[in-house]
Amino acid sequence: MKSIYDMSYAQMEDWCLSKGWKKFRTQQIFAWLYKERVTDFDAMSNLSKETREELKKDFYFNPLTLVRKQESKDGTTKFLFKTEDGALLESVMMVFDYGNSICVSSQVGCNMGCAFCASGLTKKQRDLTSAEMTAQVMHVQKELDKKGERLSHIVVMGTGEPFDNYDRVMNFIKTVNHDRGLAIGSRHITISTSGIVDKIRKFAEGHYQYNLAISLHAPDDTLRSKLMPVNRAFGLDQLMSAVEYYTSLNNRRLTFEYILLKGVNDSPEQARELARLLRPYCCYVNLIPYNAVDEHGFKTTTREEAMKFYDILKKEGIAVTIRKEHGSDIDAACGQLRIKEMKREKAAKQNQELSRKQQQEADSGLVENVYDEIAEKDEDALA
Ligand code: SAH
Ligand code: SF4
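Below you will find a few notes about this structure. (Residues numbered from 1 in each chain as written. Chains lettered and ligands numbered in written order. Predicted model: local features only at pLDDT ≥ 70, side-chain atom pairs only at ≥ 80, totals over all residues. Heavy atoms only, no water.)

## With respect to helix α5 (residues 166-177)
Here is step 1: The end-to-end C-alpha separation of α5 is 16 Å, in line with the 16 Å expected for twelve residues at 1.5 Å each.
Here is step 2: Of all twelve residues in α5, nine are buried, a share of seventy percent or more.
Here is step 3: Those residues of α5 that fall on the buried side of the exposure criterion are Tyr-166, Val-169, Met-170, Asn-171, Phe-172, Ile-173, Thr-175, Val-176 and Asn-177.
Here is step 4: Where the residues of α5 are buried, they touch α1 (9-18), α2 (24-35), α4 (130-145), β9 (151-156), β10 (189-193) and α6 (197-205). (Helix = DSSP H or I, 4+ residues; strand = E, 2+ residues; numbered from the N terminus. Expected span 1.5 Å × (residues − 1). Buried < 20%, exposed > 50% of the residue type's maximum accessible area, 1.4 Å probe, protein only. Contact = heavy atoms within 4.5 Å.)

Here it is, written out as structure tokens:
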């Protein structure tokens with residue numbers, strides 16, 4: 001039994017054929033799922049009762065439950081979901097001039113261990129299924145339906161390394177991109193990778209029209225290896241040769257993401273070094289204001305310094321933009337809401353444990369006042 005959101009159009013067609021049905025059934029099923037956006041097989045009213053029963057035997061609907069929603073003044077909305085096995089994940093909806101965009105998570109936690117990232121604070125528990133990624137998008141789209149709006153862009157930039165979960169991510173994208181799926185245009189879909197070189201090459205060979213973004217964050221190997229352990233496995237030489245391979249096979253400009261970390265990677269000399277590194281490639285640089293994560297201690301570059309960095313790149317002939325900050329009044333850095341909730345759950349468990357201990361002690365006649373201890377633990381956990 002799996003979620004029906006796991007099925008790409010081609011897989012659904014094969015499934016229908018295996019039931020001895022015509023391919024046309026897939027069109028009907030996909031229209032109910034992605035155009036009408038129903039969440040109940042019995043709502044698929046142009047399918048016979050038998051067909052619906054067959055669907056119910058093999059599939060269920062939503063693999064995610066909404067735990068919390070946080071809305072910012074600028075419209076940015078964070079959604080915290082729980083999976084069936086109790087894992088927490090986060091999606092963010094952002095409002096731009098050009099439309100509504102969702103940032104999707106691809107894994108529960110992340111193993112890449114980048115020194116500045118909230119997601120890297122917890123090891124990967126598991127990959128998300130295609131259904132769990134599609135469900136994030138469907139949930140947000142259904143929220144927008146209430147206002148008569150649609151999602152126009154998808155970025156796979158939430159928690160997780162998408163190229164460490166390559167097949168499921170690509171399958172998910174196929175569904176949301178499909179004309180009979182959500183029909184989100186290829187050029188409105190972006191996948192961001194920390195630089196898993198063999199998968200960049202594989203992606204290049206797929207000749208997709210989706211956008212590829214690479215998290216660079218440093219212009220030299222020494223610093224990049226410190227910030228991003230992935231660089232110890234695939235250094236800049238290997239990364240840049242994969243980039244060259246990508247641009248040779250695809251007539252697409254790729255984007256390099258560069259978080260500005262105060263006093264770490266934001267000096268004028270580093271800007272010039274970055275320009276030297278990237279000049280040979282057909283690319284954009286997206287400078288990202290850092291969302292401070294308390295646990296890591298990095299600081300955000302000032303607006304003034306960021307502009308200096310930007311100007312140098314521009315003068316050196318690099319196409320560059322500075323990302324606008326979104327949702328700065330809510331837990332802005334991706335993965336922070338999830339970490340907060342995990343702490344909350346841990347504190348609740350500790351409380352339960354302490355109450356159980358207290359009960360046991362009361363039962364055995366050793367009544368102690370443990371409330372202070374509970375309060376202390378609570379504070380620590382939520383600090
Ligand atoms: N794992 C992939 C995609 C998810 S992270 C990757 O690393 O590319 C998406 C982007 O957000 C990456 O460029 C990442 O470096 C950046 N990022 C991580 N933590 C951030 C923070 N606290 N503030 C701003 N950007 C951050
Ligand atoms: Fe993982 Fe990306 Fe965060 Fe690095 S920046 S820890 S790859 S989610």
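## Some remarks on the pairing of strand β4 (residues 77-83)
Here is step 1: Counting buried positions along β4 yields six of seven residues, so the element is predominantly enclosed.
Here is step 2: Sheet analysis places strand β3 (residues 64-71) next to β4, joined by seven bridges and oriented antiparallel. Along β4, the bridge assignment pairs Leu-66 with Phe-81. (Pairing = 2+ DSSP bridges.)

## Let's talk about the packing of aromatic side chains
Here is step 1: Considering all chains together, one arrives at 16 aromatic pairs under this definition.
Here is step 2: Look at Phe-30 and Tyr-34: their rings are 5.0 Å apart centre to centre, the planes differ by 55°, and that puts the pair in the tilted class. With Phe-30 and Tyr-34 both in helix α2 and four residues apart, the pair spans about one turn of that helix.
Here is step 3: Of the residues examined, Phe-30 reaches a relative accessible area of 0% and is grouped as buried.
Here is step 4: With relative accessibility at 1%, the residue Tyr-34 sits in the buried group.
Here is step 5: Cluster of aromatic residues (ring-pair linked, three or more members): Tyr-5, Tyr-9, Phe-30, Tyr-34, Phe-41 and Phe-61. (Phe/Tyr/Trp six-rings, centres within 6.5 Å; stacked < 30°, edge-to-face > 60°.)

## Some words on the site of ligand 2
Here is step 1: Close to ligand 2 lie Cys-110, Met-112, Gly-113, Cys-114, Phe-116, Cys-117, Ser-119, Gly-120, Gly-160 and Ser-194.
Here is step 2: Tallied by class, residues from the shell around ligand 2 come to five nonpolar, five polar and no charged. (Near = heavy atom within 4 Å. Nonpolar A, V, L, I, M, F, W, Y, C, P; charged D, E, K, R; others polar.)

## Some remarks on the site of ligand 1
Here is step 1: Close to ligand 1 lie 20 residues; Gly-160, Ser-192, Ser-215, His-217 and Asn-291 are nearest.
Here is step 2: Note that a nitrogen atom of ligand 1 is positioned 2.9 Å from one of the backbone N or O atoms of Gly-160.
Here is step 3: Ser-192 is positioned such that a nitrogen or oxygen atom in its side chain is 2.6 Å from an oxygen atom of ligand 1.
Here is step 4: Contact with the protein chains hides 92% of the accessible area of ligand 1, taken as 520 Å² for the molecule alone.
Here is step 5: Only β10, β12 (254-260) and β13 (283-289) provide two or more residues apiece to the shell around ligand 1.
Here is step 6: Here the residues of the shell around ligand 1 are counted per class, giving ten nonpolar, eight polar and two charged. (Polar contact = N/O pair within 3.5 Å; in protein donor to acceptor, adjacent residues only side chain to side chain. Areas by Shrake-Rupley, 256 points an atom, 1.4 Å probe, with all protein chains shown as cover.)

## Some thoughts on the environment of Phe-116
Here is step 1: Tracing the backbone through its elements, the reader meets Phe-116 in the loop between β7 (107-108) and β8 (126-127).
Here is step 2: The spacing of Phe-116 and Tyr-290 is 174 residues in sequence and 8.7 Å in space, taken between C-alpha atoms.
Here is step 3: Excluding residues within four positions of it along the chain, Phe-116 makes contact with His-217, Leu-227, Met-228, Ile-259, Leu-261, Tyr-290, Val-293, His-296 and Phe-298.

## Structural notes on the sheet that holds β4
The strands making up a sheet are joined through hydrogen bonds of the backbone, oriented either antiparallel or parallel.
Here is step 1: Strands sit in the order β3-β4-β5-β6-β9-β10-β11-β12-β13-β14 across an open sheet of ten strands; the sheet is mixed. The strands lining the two open edges of the sheet, one partner per strand, are β3 and β14 (319-322). The sheet shows a mean angle of 25° between the axes of neighbouring strands, direction not considered.
Here is step 2: Pairing of β10 with strand β11 (residues 211-215) involves four bridges; the strand directions are parallel. Bridging across to β11, Thr-190 finds its partner in Asn-211.
Here is step 3: Set on the sheet, α4 makes contact with β3, β4, β5 (88-96), β6 (99-103) and β9; between it and β4 the angle comes to about 135°.
Here is step 4: Against the sheet, helix α9 (residues 236-249) touches β11 and β12, its axis set at about 145° to β12. (Axes fitted to C-alpha atoms, helices over the stretch in contact; angles between N-to-C directions.)

## Observations regarding the packing of α6 against α9
Here is step 1: Close contact between α6 and α9 brings their axes to 9 Å; oriented N to C, the two are set at 5°. With respect to their mutual orientation, α6 and α9 come out roughly parallel. Listed contacts from α9 to Val-197, Ile-200, Arg-201, Phe-203, Ala-204 and Glu-205 of α6 are Gln-238, Leu-239, Ser-241, Ala-242, Tyr-245, Tyr-246 and Leu-249.
Here is step 2: Its residues assigned to classes, the contact of α6 with α9 comprises nine nonpolar, two polar and two charged. (Parallel < 35°, antiparallel > 145°, perpendicular 65-115°, else oblique.)

## Overview of the environment of His-217
Here is step 1: By the secondary structure assignment, His-217 is in the loop between β11 and α7 (221-227).
Here is step 2: Between the alpha carbons of His-217 and Phe-256 there is a distance of 8.4 Å; along the sequence they are 39 residues apart.
Here is step 3: Residue contacts for His-217: discarding those within four places in its chain leaves Phe-116, Leu-227, Met-228, Glu-257, Tyr-258, Ile-259 and Asn-265.
Here is step 4: Within the structure, His-217 has its side chain in polar contact with the backbone nitrogen of Ile-259 (distance 3.0 Å).

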